[in-house]
Amino acid sequence: MTGRYLLRTFGCQMNEHDSERIAGLLEADGFTPSGDAAEAEVVVFNTCAIRENADNRLYGNLGHLKPLKDANPRLRVIVAGCLAQKDQGRIQERAPWVDVVVGTHALPGLLDLLHRSETEGPQMDVSEFTELFPSALPARRDVAHHGWVSIAVGCDNACSFCIVPLVRGPQLSRPMGDILAEVEGLVRDGVLEVTLLGQNVNTYGRDLKGPGSRRRPLFADLLRAVNDVDGLRRVRFTSPHPHDFTPDVIEAMASCQKVCEHIHLPLQSGSDAVLKGMQRSYRAATYMECLGAIRDAVPGIAVSTDVIVGFPGETQEDFQRTLDIVEEARFDSAFMFQYSPRPGTRAAQFEEQVPKAVVRERFDRLLALQERVSMERNRALIGQTVELLIEAGGRGGRAQGRTRTNKIVHFDGDAEPGVFVDALITAAQAHHLTGELVRETARAG
Ligand code: SF4
């Protein structure tokens, strides 16, 4: 069976990374990508279980697919990702036209399940923790010069709003040698920038054993080792947990020249009472201390965060503390979420759920505040010259590049993907910058 495939991805970078593997597997089997379900032989939804609207969206999409499946019984429908792991057989109960349900640990068997579904009917593999890292699988990267590299799966924390420990299991760190081999392979393939991925990257290695009497490698060791890979130009990582940000990681960030000046440091709430209810093991003051130490060690670092608005029991005073800390911390950007209970999480059982209209009103206020701060932070860059790695562009058109601080800059001029340029920042918006090309500084190879 060959033909076209359509792949839709929901959720976080971990899912984007898994989607590159799904695309790689399908293309290794002879499939080619398509943007249109009507011309596809295979449609894959790589799902997210974290937000309510993600599963609503999945079942809505599956509903839209039903007439196509009725008209073309050869069409194969695959559901992968966290929702597949969590909902398992319920997916095929709700949408019996789904051919394959494949959990987060079973991706290597995807093609086998697909082929078996043609002769044996619907298939499902949601086996737990059988395959740690699908890194040996082929990948089709969305951005040629950037690679996601999984360093650990699962999480040992138990944040009360989060479904991840349930669907991804406890933390399992990947041996450092395997990670370095993958990074070196990516560099040979033209990759200039990698993002190290884990649910809580700065507890990387705690579950590993060191060889012989040597101590196990930890995240700071990994950062230094990746920094030493010849030919690699930029290193990023996501996400760290504020509680686990040790001084050696901050020191490694400051001393490793390739580690970019950007950190995503999830705050979630500025209220200690809410953080306690969330089972986040830091408080507002310790978060700010951590942020201050990072900013002292890495001047000019850009900071992004996550904030959840309307967690059960959040009062106006709690919310005001979040507004205060967001004003004080001056984040470059923030991913803000309106809390919605996720079945299977502790917080879904909590009484005192905040009415939706109140959550919405608080969310709008927080959004307006962060938009203003983001704008102010970006305006401060006008007149500066920054290094960009070009992600999109060509001859005689408009190009787009990314700064080391993870900001997107648009400019008119010739610049091809994979080229490094210097650009002068001339204008700012809350979510991107505009610039002028100064000079090309380097290109791949
Ligand atoms: Fe979920 Fe908390 Fe683990 Fe992050 S640290 S994956 S929010 S349990």
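The structure displayed is predicted, hence computed values, not measured ones.

This paragraph deals with helix α11 (residues 284-297). Given 3.6 residues to a turn, an α-helix orients residues that are three or four positions apart in the same direction. Helix length check: α11 (14 residues) gives 20 Å between terminal C-alpha atoms against 20 Å at 1.5 Å per residue, within 8%. All of the buried residues in α11 are Ala284, Tyr287, Met288, Cys290, Leu291 and Ile294. Projected onto a plane normal to the axis of α11, the buried residues spread over an arc of 160° and lie on a single side. Opposite the packed face of α11, turned more than 90 degrees from it, sit the exposed residues Glu289 and Asp296. Contact partners of the buried residues in α11: α9 (247-255), β12 (262-264), α10 (272-277), β13 (302-309) and α12 (316-329).

Right, let's get into the sheet that holds β13. Sheet architecture is open: three strands sit in the order β12-β13-β14, paired in parallel fashion. The sheet is open, and its two edges are formed by β12 and β14 (333-338), each paired on a single side. With direction set aside, neighbouring strand axes in the sheet form an average angle of 10°. Across three bridges, β12 lies against β13 in parallel orientation. By the bridge assignment, Ile263 is partnered in β13 with Val303.

This brings us to the side chain of Arg404. As for its position among the elements, Arg404 is in the loop between β16 (398-403) and β17 (408-412). Of note is the side chain of Arg404, whose polar atom sits 2.7 Å from the backbone oxygen of Gln257.

Glancing now at the sheet that holds strand β10 (residues 193-197). The strand order across the open sheet formed by three strands is β7-β10-β11, and the pairing between neighbours is parallel. Unpaired on one side and paired on the other, β7 (146-150) and β11 (234-238) mark the two borders of the sheet. In this sheet, neighbouring strand axes are inclined to one another by 25° on average, regardless of whether the strands run parallel or antiparallel. As judged from the five bridges shared by β10 and β11, these two strands associate in the parallel manner. Paired with Val194 across the bridge in β11 is Val235.

Examined against the element boundaries, Val191 turns out to sit in the loop between α7 (176-188) and β10. Among all residues touching Val191, those that are not within four sequence positions of it are Arg141, Ala144, His145, His146, Gly147, Leu186 and Leu232.

Aromatic ring pairs are described here by two measures, namely the spacing of the ring centres and the angle between the planes. Inspection of every chain in the model, using the stated rule, returns six aromatic pairs. Ring centres of Phe311 and Phe350 lie 6.0 Å apart, and the angle between their planes is 85°; on these two criteria the pair is classed as edge-to-face. Pair noted here: Phe311 is in the loop between β13 and α12 and Phe350 is in the loop between β14 and α13 (356-379), with a separation of 39 residues, a long-range link. Over the face of the ring belonging to Tyr59 we find Arg94, whose NZ or CZ atom lies 3.7 Å from the ring centre. Residue placement shows Arg233 over the ring face of Phe420; its charged tip is 3.9 Å from the ring centre.

Bringing the pairing of strand β19 (residues 433-443) into the picture now. Relative to β19, β17 is paired through two bridges, and the arrangement is parallel. In the sheet register, His410 faces β19, and the bridge partner there is Thr434. Where strand β18 (residues 419-428) meets β19, nine bridges bridge the pair, whose relative direction is antiparallel. By the bridge assignment, Leu424 is partnered in β19 with Glu436.

Glancing now at the nonpolar core. If you look at the biggest cluster of nonpolar residues, it comprises 68 residues, and the most contacted ones within it are Val194, Leu196, Phe219 and Met253. The contact partners of Met253, leaving out residues within four places of it in the chain, are Leu223, Phe237, Phe245, Val259, Ile263, Ile294, Val298 and Ile301. Counting 27 residues, the second-largest nonpolar core is a separate cluster that includes Ala40, Val43, Tyr59 and Ile91.

Before going further, it helps to examine the packing of helix α1 (residues 13-28) against helix α5 (residues 110-120). Viewed as axis vectors pointing N to C, α1 and α5 meet at an angle of 55°, and their least axial separation amounts to 10 Å. If you check the angle between α1 and α5, you find them oblique. Here the hand of the crossing between α1 and α5 comes out right-handed. Side by side, α1 and α5 meet where Ile22, Leu25 and Leu26 of the first sit next to Leu110, Leu111 and Leu114 of the second. Across the contact of α1 with α5, the residue classes break down as six nonpolar, no polar and no charged.

This next bit is on the packing of α11 against α12. At their nearest, the axes of α11 and α12 sit 12 Å apart, and the two run at 10° to each other. When the axes of α11 and α12 are compared, the pair comes out roughly parallel. For the pair formed by α11 and α12, the contact residues are Ala284, Met288, Leu291 and Arg295 on the first element and Ile325, Glu328 and Ala329 on the second. Tallied by class, the residues present in the contact of α11 with α12 amount to five nonpolar, no polar and two charged.

Cut-offs used in this document
The written sequence of each chain sets the order in which its residues are numbered from 1. pLDDT decides what is reported in this predicted model: residues at 70 or higher carry local features, side-chain atom pairs at 80 or more are listed and counted, and totals for whole chains, interfaces and linings draw on all residues regardless. In computing side-chain properties, one takes all heavy atoms of the structure into account and sets aside hydrogens as well as water. Here a helix means four or more residues in a row that DSSP labels H or I, a strand means two or more in a row labelled E, and each is numbered from the N terminus. To estimate the expected span of a helix, count its residues, drop one, and scale the result by 1.5 Å. Think of it in three bands: residues with accessible area under 20% of the maximum for their type are buried, residues over 50% are exposed, and the middle band is partly exposed, with areas taken using a 1.4 Å probe on protein chains only. As used here, the arc is the angular range of directions from the helix axis to the C-beta atoms. Contacts are assigned to residue pairs with any non-hydrogen atoms lying within 4.5 Å of each other. Paired strands, in this sense, are two strands between which DSSP finds at least two bridges. Geometry is summarised by axes, namely lines fitted to C-alpha atoms with helices restricted to the contacting stretch, and by angles between N-to-C directions that run from 0 to 180 degrees. Pairs of N or O atoms are called polar contacts if they sit within 3.5 Å, as long as, within protein, a hydrogen donor faces a hydrogen acceptor (for residues adjacent in sequence, only side-chain-to-side-chain pairs). Between 30 and 60 degrees the pair is tilted, below 30 it is stacked and above 60 it is edge-to-face, where a pair is any two Phe, Tyr or Trp rings, Trp via its six-membered ring, whose centres lie within 6.5 Å. Our definition puts a charge over a ring when NZ of Lys or CZ of Arg is within 6 Å of the ring centre and also within 35 degrees of the ring normal. Put simply, a nonpolar core is a bunch of buried Ala, Val, Leu, Ile, Met, Phe, Trp, Tyr and Cys residues held in one set by side-chain atoms that sit within 4.5 Å of each other. The scheme is simple: roughly parallel for angles under 35 degrees, roughly antiparallel for over 145, roughly perpendicular for 65 to 115, oblique for anything else. Note on convention: the crossing is left-handed when the near helix lies turned anticlockwise from the far helix by less than a right angle, right-handed when the turn is clockwise. Each residue is assigned to one class: nonpolar for Ala, Val, Leu, Ile, Met, Phe, Trp, Tyr, Cys and Pro, charged for Asp, Glu, Lys and Arg, and polar for all the others, Gly among them.

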